[in-house]
Amino acid sequence: MAKPLRIALTKGRLEKDTVGLLERLGYDCTAVREKGRRLILPIPDGNMEVVLAKANDVITYVEHGVCDMGVVGKDTIIEMQGKFFELVALACKKGTDFYSGFGVKCIATKYPNVARRFFESKGMDVDIVKIEGSVELAPLLGLADGIVDIVETGVTLRENGLEVVEDVVPISARLIANTVSLKLRQTEIEALIQKIEEAL
């Protein structure tokens, strides 16, 4: 039997959604659901292995060929400027006219490259502060005029007195593949992609 097709998944929501999709395709994902602390998990009836990793690492593992495929958010691909869009939006305190005034605005974000390119495309000079945790805190504490972040439902923004000013870039989950794996394991990868397309 050929070595398992190795798929890197972003831990968290994308992991749950992808595993749910694989189960809808008829694969037994029990080992993935009951993973404990294991990070490489078999899907024996599909001759696959799931590798659980942080989003940026998914791209790294696929690019370097240790994983054949990966599922990652387009936001991560844009931020890492990978080769391979939910919603990334600009938000600020409710009732604030973000674009008024002449001073340099300060933006808090987990995605500094995305934010920088967005404001450069508008010809705006901004200071960007990288935040790892809850970006919503930055405007509430007076650290930033606005934030650039992923907005799924907008509930967190509303509950913290913030509102979307403008969409920055649409994002969604993306299936990526290693270029060498795509040539060497084309039949397997294309068969899985076809199943996924039919299920979606």
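Residues numbered from 1 in each chain as written. Predicted model: local features only at pLDDT ≥ 70, side-chain atom pairs only at ≥ 80, totals over all residues. Heavy atoms only, no water.

Draft legend 1. Focus on the nonpolar core. Ranked by internal contacts, the top residues of the largest apolar core, which has 22 residues, are Leu22, Tyr27, Ile43, Met48 and Leu192. Put simply, the parts of the chain that give this core at least two residues each are strand E1 (5-10), helix H1 (13-24), strand E2 (40-43), strand E3 (48-53), strand E4 (69-73) and helix H9 (186-199). For this core, the element with the highest residue contribution is H1, accounting for four residues. If sequence neighbours within four positions are ignored, Tyr27 has contacts with Leu22, Ile43, Asp45, Gly46, Met48, Leu192 and Lys195. (Core = buried A, V, L, I, M, F, W, Y, C linked by side-chain atoms within 4.5 Å. Buried < 20%, exposed > 50% of the residue type's maximum accessible area, 1.4 Å probe, protein only. Helix = DSSP H or I, 4+ residues; strand = E, 2+ residues; numbered from the N terminus. Contact = heavy atoms within 4.5 Å.)

Draft legend 2. How the structure looks around H1. For H1, built from 12 residues, the straight-helix expectation of 16 Å at 1.5 Å per residue is met to within 8% by its first-to-last C-alpha distance of 17 Å. Taken as a whole, H1 has its buried residues at Leu14, Glu15, Thr18, Val19, Gly20, Leu21 and Leu22. Count one or two residues on from H1 and you reach Gly26, which has phi positive near 100°. (Expected span 1.5 Å × (residues − 1).)

Draft legend 3. Structural view of unusual backbone geometry. You will see that Asn47, though not glycine, has its phi angle at about 45°, which is positive. Tracing the backbone through its elements, the reader meets Asn47 in the loop between E2 and E3. With relative accessibility at 18%, the residue Asn47 sits in the buried group.

Draft legend 4. Examining the pattern of salt bridges more closely. Within the structure shown, the criterion is met by eight salt bridges. In this structure, Lys122 engages Glu166 in a salt bridge whose closest nitrogen and oxygen atoms are separated by 3.2 Å. Separated by 44 residues along the polypeptide, Lys122 in the loop between helix H5 (112-121) and strand E7 (126-130) and Glu166 in strand E9 (residues 162-170) bring together distant segments of the chain. For Lys122, a relative accessible area of 36% puts it in the partly exposed group. In this structure, the salt-bridge partner of Arg185 is Glu188, at a minimum N-O distance of 2.8 Å. Among the charged side chains, a network of salt bridges with common partners joins Asp68, Arg185 and Glu188. (Salt bridge = Lys/Arg side-chain N within 4 Å of Asp/Glu carboxyl O.)

Draft legend 5. Main features of the sheet that holds E1. On the basis of which strands lie adjacent, the open sheet formed by five strands has the order E2-E3-E1-E4-E10 and mixed pairing. Each of the sheet's edge strands pairs with one partner strand only, and the pair in question is E2 and strand E10 (173-177). Each neighbouring strand pair of the sheet contributes to a mean axis angle of 25°, computed without reference to strand direction. Bridge analysis of E4 against E10 gives five bridges, and the strand direction is antiparallel. The residue bridging Val72 from the neighbouring strand is Arg174, located in E10. (Pairing = 2+ DSSP bridges. Axes fitted to C-alpha atoms, helices over the stretch in contact; angles between N-to-C directions.)

Draft legend 6. Just the side chain of Glu15, in detail. Relative to the elements of secondary structure, Glu15 occurs in helix H1. The residues contacting Glu15, other than those within four sequence positions of it, are Leu9, Thr10, Lys35 and Leu52.

Draft legend 7. Layout of helix H3 (residues 55-63). Among the residues of H3, Ala55, Val58, Ile59 and Val62 are the ones counted as buried. Buried residues of H3, viewed axially, fall in a sector of 95°; they line one side. Two residues or fewer past H3, Gly65 is found with a positive phi of approximately 80°. (Arc of directions from axis to C-beta.)

Draft legend 8. Focus on the packing of aromatic side chains. What the rule picks out here adds up to two aromatic pairs. Seen from their ring centres, Phe98 and Phe119 are 6.1 Å apart, and the 40° between their planes marks the pair as tilted. Highlighted residues: Phe98 in the loop between strand E5 (87-93) and strand E6 (105-109) and Phe119 in helix H5, separated in sequence by 21 residues. The exposure class assigned to Phe98 is buried, which follows from its relative accessible area of 2%. The exposure class assigned to Phe119 is buried, which follows from its relative accessible area of 0%. When the ring of Phe118 is compared with that of Phe119, the centres are 5.0 Å apart and the planes differ by 75°; the resulting orientation is edge-to-face. A connected cluster of aromatic rings, assembled from ring pairs, spans Phe98, Phe118 and Phe119. Taking NZ or CZ as reference, Lys105 lies 5.5 Å from the ring centre of Phe98, over its face. (Phe/Tyr/Trp six-rings, centres within 6.5 Å; stacked < 30°, edge-to-face > 60°. Lys NZ or Arg CZ within 6 Å of the ring centre and 35° of its normal.)

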